[in-house]
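# Chains, contacts and geometry: an overview
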2 protein chains.
Amino acid sequence: MKKPNIVVLGAGYGGIMTTVKLQKSLGVNEANISLVNKNDYHYQTTWLHEVSAGTVHQDQARIAIKDVINQHKVNFVQDTVVEIKPGENKVKLQNSELEYDYLVIGLGFESATFGIPGLEENAFMINDINSSRLIREHLDYNFAEFHKDNNPSRLNIVVGGGGFTGIEFVGELANRIPELCKEYDIDKSQVRIINIEGAPTVLPGFDPELVEYAMNSLEARGVEFVTGALLKESKPESVVYEKDGKLNEIPTLTTIWAAGVKANTIVEKSGFETNRGKIQVRPDLRSPEYDNVFVVGDCALIMNEENGRPYPPTAQIAIQQSGIVAHNVVALIKGHELEAFEYKPLGTLASLGHNDAMGVVFGDKKLFGWKATFMKKMSDNRYLLKLGGVGLMLKKGKFNFFY
Amino acid sequence: MKKPNIVVLGAGYGGIMTTVKLQKSLGVNEANISLVNKNDYHYQTTWLHEVSAGTVHQDQARIAIKDVINQHKVNFVQDTVVEIKPGENKVKLQNSELEYDYLVIGLGFESATFGIPGLEENAFMINDINSSRLIREHLDYNFAEFHKDNNPSRLNIVVGGGGFTGIEFVGELANRIPELCKEYDIDKSQVRIINIEGAPTVLPGFDPELVEYAMNSLEARGVEFVTGALLKESKPESVVYEKDGKLNEIPTLTTIWAAGVKANTIVEKSGFETNRGKIQVRPDLRSPEYDNVFVVGDCALIMNEENGRPYPPTAQIAIQQSGIVAHNVVALIKGHELEAFEYKPLGTLASLGHNDAMGVVFGDKKLFGWKATFMKKMSDNRYLLKLGGVGLMLKKGKFNFFY
């Protein structure tokens, strides 16, 4: 009997965890497992705001794929996915083509710019290691350049979006700016961090008490908030927003767009039936059209029956899904029963710099300050433990609890 | 009797050492000493190629002025010199005006671009802490940006000038590039370091054996030399040079101009009689026109009687001059005999990265490799010892002899 080919596309949270679970459940004689990823590393998307601000080095936020997969069991293919051909059970890569019996799509997200002019060309995005490292270097470079031309737009940092990522990023920035000022001999009072949010308040959907806590913490460290304001255009040397029907322009060389993501467009381009660009999966996380195609993470759409809206794309849900996807792939191969996915919300914690955070855990318990920071770092460490054991956790974990 | 005012302009090698010697020789009741400098720090001009390459941090290459002057004896004025009015014994600063009885001009150098089009606008210069830190950040930034557009001109680094500074800089770069490649996930083979020199060989004036040693060491680490080539134009995205009557263009976003310096133009603008932009000083280092004006360092021109050409502007000659200037200022105040300056060449060592160097010491002894590196670092440490004692040497010295 021919060994089935399992192909996992993407080594983000969903893809890498699915792979790690598959390699534990299947013997080398039971299946060929291939993992396809553009880079030879997995990275922590939820830490990219720290890489962008320069408070965490990219090497702490990424993990060599060969360090977490068993290369005797998993064939790692470093390549870029060009197209999925679900009708032919094939995946076209930039440099080759793969055939599969079972496919797991974990291709993650892209920035969504909603057609706002200039964002693609002029704004920075917190998308991956490369784009985040570039933000860090862009900040450094402009602080260094400031001595050449004294152009104040070099020191105005505009963050579009006061959602989860935008707020976590300005929190890191608020901690980082004093260090940058010291490194580049710049007076701190010359630097501005401006957060622009379309909703009447930042962190829409969060408990008002948490929102107030976050805004107080950030404003105390110099962050300026402009709420109820829509970003209209990003120009090479400024950004334009509309508030109360009036257009305003902020001179800046640094606009970071953190206000929207969408599923990887390869999904739509490959002809899958989509809802908001995603594949609305069956309870067992398979695509509605193909019995041998699973979707994990940001490309999967699952409705929250309670409010009729999709669950937001988070690392937490991707990691939870990976358990069911791995189980169900194995079940198909071995002829066992498939399981249905059920999301268990474990809480949400937003960092506000390395020494402050807030959020909700255990259903409705609000946490603030060092307790929230501690819980958030512990949860990050727990993920590393699950992914690669104690060694990986000690190597890449966050243990700076007390400063 | 009114205490005389001594004003020292510039806290480079000549100015700061003159000030330190004056404060040792004169009591608070004997003179008012003022030191004027744009920044609140002195920096090691001879280390700027390392700051530029990112191999030495700017904080190691600079020294807070308050750490080396005795603030009870010396009044430090942080300001920029606008004009010297030697007829009125006054110095106009940006924010005030100073009167002097004795003046010491130690205003250092500027880059000379010889009218080559585009250099001022598009090329980088290794002039001071700000401009050097900017080169370091520019390199980092372009390596980070490379992932965005794959533009190979981001990885072509062109250094105009194969003289002392140009060669020392490419030596540091050759060491730094592998680190940068690791930091930014770039294949080393994609990076080029190109040194362009007008003379038929680099390091004109150096012993041929030393030149060969330097070129071998640098070529082995990937540096490309284009000699007998004149830089004709620096454009925003390329550099043009002429060789054998033919124009060539290298696509690059990074041109560093290290091929020419001139004395601070304030000297000429202030109406001093100049020769090649410098004040050709009397043997006692006074200006030929004014009995109370001394010149130290790069603004002073002294002829080498042996070959009829001026001594090149170096840290070594500036530091030697400071002893005579300080002595002669004190002599004028106390009515003693003035001394004549005599240059004692102590040798020349050029670094080729932190772990290689070459040069001549003790008149004609050639040194290569680790011995030359050791001697050069020891000489740097000796300067710090003279400037600020053992504490300063230990704090800012170079003790990385063995790697």
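Every value quoted in this text rests on a predicted model; they were computed, and no experiment measured them. (Residues numbered from 1 in each chain as written. Chains lettered and ligands numbered in written order. Predicted model: local features only at pLDDT ≥ 70, side-chain atom pairs only at ≥ 80, totals over all residues. Heavy atoms only, no water.)

## Comments concerning the overall build of chain A
For chain A, the helix and strand inventory stands at ten helices and 27 strands. Computed over C-alpha atoms, the radius of gyration of chain A comes to 22 Å, within 12% of the 22 Å expected from 2.2 N^0.38 for 403 residues, which places it in the range of a compact globule. Summarising its shape, the C-alpha atoms of chain A cover approximately 70 × 45 × 45 Å along the three principal directions. Taken over 403 residues, chain A has a buried fraction of 55%. Accessible surface, chain A as shown: approximately 17500 Å² in total, 50% of it carbon and sulfur. (Helix = DSSP H or I, 4+ residues; strand = E, 2+ residues; numbered from the N terminus. Rg over C-alpha atoms; globule rule 2.2 N^0.38 Å. Buried < 20%, exposed > 50% of the residue type's maximum accessible area, 1.4 Å probe, protein only. Areas by Shrake-Rupley, 256 points an atom, 1.4 Å probe, with all protein chains shown as cover.)

## A look at unusual backbone geometry
Residues and elements named next belong to chain A. Backbone geometry at Phe 114 places phi at a positive 50 degrees, although glycine is not the residue there. Mapped onto the elements of the fold, Phe 114 is located in the loop between strand S10 (109-111) and helix H4 (119-122). For Phe 114, a relative accessible area of 59% puts it in the exposed group. Its identity as a non-glycine residue notwithstanding, Asp 185 has a phi of 55 degrees, on the positive side. The topology assignment puts Asp 185 in the loop between helix H6 (164-183) and strand S13 (192-196). Residue classification places Asp 185 among the partly exposed residues on the basis of a relative accessible area of 35%.

## Topic: the nonpolar core
Counting residues in hydrophobic clusters, the biggest one holds 86 residues, and the most contacted among them are Phe143(A), Leu173(A), Ile177(A), Phe143(B), Leu173(B) and Ile177(B). Those residues in contact with Ile177(A) that lie beyond four places of it in its chain are Phe143(A), Ile157(A), Lys188(A), Val191(A) and Ile193(A). (Core = buried A, V, L, I, M, F, W, Y, C linked by side-chain atoms within 4.5 Å. Contact = heavy atoms within 4.5 Å.)

## With respect to the pattern of salt bridges
Side-chain pairs of opposite charge can arise whenever the charged atoms involved come near each other. All names here are of chain B. Evaluation of the coordinates by the stated rule reveals 44 salt bridges over all chains. Here Lys 376 ties to Glu 168 by a salt bridge, and the two come within 3.3 Å at their closest N and O atoms. Of the two residues, Lys 376 sits in helix H10 (residues 369-396) while Glu 168 sits in helix H6 (residues 164-183), which places them 208 residues apart along the sequence. Ionic pairing is found between Lys 235 and Glu 249, a salt bridge with its closest N-O pair at 3.4 Å. Here Lys 235 is found in strand S15 (residues 229-235), whereas its partner Glu 249 is found in strand S17 (residues 246-251), with 14 residues between them in sequence. For Lys 235, a relative accessible area of 30% gives the class partly exposed. Owing to a relative accessible area of 46%, Glu 249 belongs among the partly exposed residues under this scheme. (Salt bridge = Lys/Arg side-chain N within 4 Å of Asp/Glu carboxyl O.)

## A few points about the domain arrangement of chain A
Residue and element names in this part refer to chain A. Split into domains, chain A comes out as domain 1 (5-111 + 262-344), domain 2 (119-259) and domain 3 (348-403). Look at where the C-alpha atoms of domain 1 and domain 3 centre, and you get two points 24 Å apart. Every contact between the two is made by 18 residues of domain 1 and, on the other side, twelve residues of domain 3. With both chains or domains summed, domain 1 and domain 3 bury close to 1300 Å², and 57% of this area falls on carbon and sulfur atoms. Inspection of the region where domain 1 meets domain 3 yields two salt bridges. Linking Lys 398 and Glu 50 is a salt bridge whose minimum nitrogen-to-oxygen distance equals 2.7 Å. Counting the contacts that link domain 1 with domain 3 gives eight residue pairs in polar contact (both at pLDDT 80 or more). (Domains from an automatic or database assignment. Buried area = accessible area lost by both parts, 1.4 Å probe. Polar contact = N/O pair within 3.5 Å; in protein donor to acceptor, adjacent residues only side chain to side chain.)

## Remarks on the relation of the copies chain A and chain B
For the match of chain A to chain B, the screw axis carries a shift of 0.0 Å, the RMSD comes to 0.0 Å, and the turn is 180 degrees. The relationship between the two copies is best expressed as a two-fold rotation axis. Within chain A, the C-alpha atom positioned nearest to the axis of rotation is that of Tyr141(A), 3.3 Å from it. Looking at the interface residues of chain A, 100% of them are also at the interface in chain B, so both copies use one shared face. (Least-squares fit on C-alpha atoms with pLDDT ≥ 70 in both.)

## Some words on the interface of chain A and chain B
The partner chain B presents 19 residues to the 19 residues of chain A that form the contact. For the pairing of chain A and chain B, the buried interface totals around 1800 Å² over both sides, and the portion due to carbon and sulfur atoms is 45%. For the pair chain A and chain B, the interface holds six salt bridges. Across the contact surface, chain A and chain B share 19 residue pairs in polar contact (both at pLDDT 80 or more). It is helix H5 (residues 129-149) of chain A that provides the largest number of residues to the side of chain A that touches chain B, a total of twelve residues.

## Some thoughts on empty space enclosed by the protein
If a probe as big as a water molecule is rolled over the atoms, it shows which places are left empty. All names here are of chain B. Considering all chains together, one arrives at three cavities of 30 Å³ or more under this definition. Its volume calculated, the largest cavity comes out at about 90 Å³. Along the wall of the largest cavity there are 14 residues; nearest its centre are Glu 50, Ser 351, Lys 376, Lys 377 and Lys 398. Every element with two or more residues in the lining of the largest cavity is listed here: helix H2 (48-53) and H10. Considering each element in turn, the lining of the largest cavity owes the most residues, four residues, to H10. (1 Å grid on protein atoms, 1.4 Å probe; cavity = no way out; pocket = protein on both sides within 12 Å on 5 of 7 lines; lining within 4 Å. Points joined across faces, edges and corners; volume = space filled by probe spheres on them.)

## Examining the UniProt feature "domain: FAD/NAD(P)-binding" (unreviewed entry) in chain A
Per the UniProt record, "domain: FAD/NAD(P)-binding" (unreviewed entry) is found at residues 5-321 of chain A. Between the end C-alpha atoms of residues 5-321 of chain A there is a gap of 21 Å, over a span that is 29% helix and 30% strand. (UniProt positions renumbered as here; feature names shortened; annotations may be inferred.)

## Regarding the sheet that holds strand S25 (residues 347-351) of chain A
Residues and elements named next belong to chain A. Read from one edge of the open sheet, three strands run S25-S26-S27, paired in antiparallel fashion. Of all the strands in the sheet, the pair left with one neighbour each is S25 and strand S27 (365-368). Ignoring strand direction, the axes of neighbouring strands in this sheet form an average angle of 10 degrees. Bridging between S25 and strand S26 (residues 357-361) involves five bridges; their strand directions are antiparallel. Bridge assignment links Ser 351 to a residue of S26, and that residue is Ala 357. (Pairing = 2+ DSSP bridges. Axes fitted to C-alpha atoms, helices over the stretch in contact; angles between N-to-C directions.)

## Overview of the environment of Lys278(B)
Residues and elements named next belong to chain B. Inspection of the secondary structure assignment puts Lys 278 in the loop between helix H8 (266-269) and strand S20 (279-280). Residues Lys 278 and Leu 301 lie 23 residues apart in sequence; the distance between their C-alpha atoms is 5.7 Å. Once you skip the residues sitting within four places of it in the chain, Lys 278 turns out to touch Ala 263, Glu 273, Asp 298, Cys 299, Ala 300, Leu 301 and Pro 313.

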